[in-house]
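Here are the chains, one letter per residue:
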Amino acid sequence: MRVVLAAGTTETALIDGISAAGAAPELMAHTPSADVEILAYGAPTAAPVTPVSPTGCPTPAAVTRAVREVVGFEVAVVDAGLSEPTGAPTVDLGVEPGTDIREPEAVPQASSFYPRAREYGRTLPDDTLVIGETVPGGTTTALGVLTALDEPGGVSSSLPTNPLERKRRVVETGLAESDLEPGDCEGDPLEAIRAVGDPVQPTVAGIAAGALETGTDVTLAGGTQMVAIAAVLRHAGIDAPVTIATTSFVADEQGDALPAACDRLDCELRVTDPGFDERDHVAMARYCAGEAKEGVAMGGALSLVPDGRMSAVRDRLEVVCARLGIE
Ligand code: AAM
């Protein structure tokens, strides 16, 4: 079993009011680079910041790291378009940062990133992969791809109040700038990503596709961004079994829409509640207030926690947070 984290950036994150995956817009580009270091080392090393939301909610990387310190799992990080350096080892597939989806092309090289990621996925030796993401702005690009593929349903958000109408307007502009209408990319998911997606999407979808081809079990670790990846796989004609593992925070926010989307895309859904309401801790309270919710493979990592060990994960999260200066 291995957790594979695809870490990248899209300039879409810089659109006003669209993301809380960083304390300020100018810090957002550092978030994935720091997330990678937190997962690998337990705290940022080269990155200048610990990713927190503007209200101080720590990155889900802290939770994934806490699970790792309790359960122990192998990690591989793929550079899926980082725009700032990271001090942790990454696999280089030549993936470049994405542009604002309101530009005519969001991921101009989507169709070459995908086969490279697929080849990487084919070569991984593990029986099971849990594939996660960190890409600020990723729920907006997920909405972009879902809309271009004519898949119904909304998307989640790192913000406690989801700016869904704003995201819809951004996607509408993005599609228009790409000379596309909603649904125009049905059956051509790489075209959807090229027009209104982000570079993490062809990377995750490619790794998943390659792994599935070699009989590897694949869990997509995340919420609505992973629903978009599942849609990419299905529109690419891949019908192998896929699981989506997310947090109760996303599941609670999405209500019936999440199981409905998983049904439609023929994915098994696994939801894990980390029991953060049982603690009086600033970070866990932020998650219970609907901030962050998911990311950096958090839901997939939580699904690996054996029965009876979740309180050890909460204990460990307090230690990780203290290391990050969040107490
Ligand atoms: C990743 N790193 C994060 C974070 N995420 N650090 C702090 N807070 C988060 N929520 P949106 O579309 O609103 O930006 O949400 C998606 C991002 O939130 C992704 O990067 C995901 O991994 C998570």
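Above this text you will find the structure in question.
As the structure is a prediction and not an experimental result, all values here were calculated from the model. (Residues numbered from 1 in each chain as written. Predicted model: local features only at pLDDT ≥ 70, side-chain atom pairs only at ≥ 80, totals over all residues. Heavy atoms only, no water.)

### Here we look at the nonpolar core
At step 1: One finds Val 4, Ile 131, Val 204, Ile 207, Leu 220, Leu 233 and Ile 244 to be the most contacted residues of the largest nonpolar core, which totals 66 residues.
At step 2: Non-local contacts of Ile 131, meaning those with residues more than four positions away in its chain, are made with Val 4, Val 204, Ile 207, Ala 208, Val 218, Thr 219, Leu 220, Ala 221 and Met 226.
At step 3: Of all hydrophobic cores here, the second largest spans 42 residues; its members include Val 3, Val 70, Phe 276 and Met 310. (Core = buried A, V, L, I, M, F, W, Y, C linked by side-chain atoms within 4.5 Å. Buried < 20%, exposed > 50% of the residue type's maximum accessible area, 1.4 Å probe, protein only. Contact = heavy atoms within 4.5 Å.)

### Some remarks on the packing of aromatic side chains
At step 1: All told, the structure shown has three aromatic pairs when counted by the stated rule.
At step 2: Measuring from centroid to centroid gives 5.9 Å for Phe 249 and Phe 276, while their planes differ by 35 degrees, and the two rings are tilted. Linking Phe 249 in helix α9 (residues 248–254) with Phe 276 in the loop between β7 (267–272) and α11 (282–288), this pair joins segments that are 27 residues apart in sequence. Residues Phe 249 and Phe 276 agree in their burial class; the two are buried.
At step 3: Seen in terms of ring centroids, Phe 276 and Tyr 287 are 5.8 Å apart; in terms of plane orientation they differ by 80 degrees. Their pairing is edge-to-face. Of this pair, Phe 276 sits in the loop between β7 and α11 while Tyr 287 sits in helix α11, and the two are 11 residues apart along the sequence. A single burial state applies to Phe 276 and to Tyr 287, both of which are buried.
At step 4: Joined through ring pairs, the aromatic side chains of Phe 249, Phe 276 and Tyr 287 make up one cluster. (Phe/Tyr/Trp six-rings, centres within 6.5 Å; stacked < 30°, edge-to-face > 60°. Helix = DSSP H or I, 4+ residues; strand = E, 2+ residues; numbered from the N terminus.)

### Some details on the site of the ligand
At step 1: Around the ligand there are 23 residues in total, and Ser 19, Asp 35, Gly 137, Thr 139 and Ser 158 lie nearest to it.
At step 2: Taking Thr 59, its side chain carries an N or O atom lying 3.4 Å from a nitrogen atom of the ligand.
At step 3: For the ligand, the protein covers 99% of the area, taking 480 Å² as the surface of the free molecule. (Near = heavy atom within 4 Å. Polar contact = N/O pair within 3.5 Å; in protein donor to acceptor, adjacent residues only side chain to side chain. Areas by Shrake-Rupley, 256 points an atom, 1.4 Å probe, with all protein chains shown as cover.)

### Some details on the pattern of salt bridges
Working definition: two side chains of opposite charge can pair if their charged atoms are close together.
At step 1: The tally for this structure, following the rule as stated, stands at 16 salt bridges.
At step 2: Residue Arg 168 is joined to Glu 165 by a salt bridge in which the shortest nitrogen-to-oxygen separation is 2.9 Å. With Arg 168 and Glu 165 both in helix α5 (residues 164–177) and three residues apart, this pair spans about one turn of that helix.
At step 3: For Glu 318, the salt bridge identified is with Arg 279, shortest N-O distance 3.3 Å. Here Glu 318 is found in helix α13 (residues 310–323), whereas its partner Arg 279 is found in the loop between β7 and α11, with 39 residues between them in sequence.
At step 4: The network of salt bridges with shared partners includes Arg 65, Glu 69, Arg 316 and Arg 323. (Salt bridge = Lys/Arg side-chain N within 4 Å of Asp/Glu carboxyl O.)

### Considerations on empty space enclosed by the protein
At step 1: Per the counting criterion, the structure on display carries two cavities of 30 Å³ or more.
At step 2: The calculated volume of the largest cavity comes to roughly 410 Å³.
At step 3: If you trace the largest cavity, you find 34 residues lining it, with Ala 21, Ser 158, Gln 225, Ala 292 and Glu 294 closest to the centre.
At step 4: Counting only elements with at least two residues in the lining of the largest cavity, the list comes to α1 (30–41), β4 (128–134), α4 (138–148) and α8 (224–235).
At step 5: In terms of residue class, the lining of the largest cavity is made up of 13 nonpolar, 17 polar and four charged.
At step 6: Counted as a void, the second largest cavity has a volume near 60 Å³. (1 Å grid on protein atoms, 1.4 Å probe; cavity = no way out; pocket = protein on both sides within 12 Å on 5 of 7 lines; lining within 4 Å. Points joined across faces, edges and corners; volume = space filled by probe spheres on them. Nonpolar A, V, L, I, M, F, W, Y, C, P; charged D, E, K, R; others polar.)

### Points about the pairing of strand β2 (residues 74–79)
At step 1: Where burial is concerned, most of β2 is hidden: five out of the six residues are buried.
At step 2: Sheet topology places strand β1 (residues 2–7) next to β2; six bridges connect them, and they run parallel. If you follow Ala 7 over to β2, its bridge partner there is Asp 79.
At step 3: Direction of pairing for β2 relative to strand β3 (residues 91–92): parallel, over a ladder of two bridges. By the bridge assignment, Asp 79 is partnered in β3 with Asp 92. (Pairing = 2+ DSSP bridges.)

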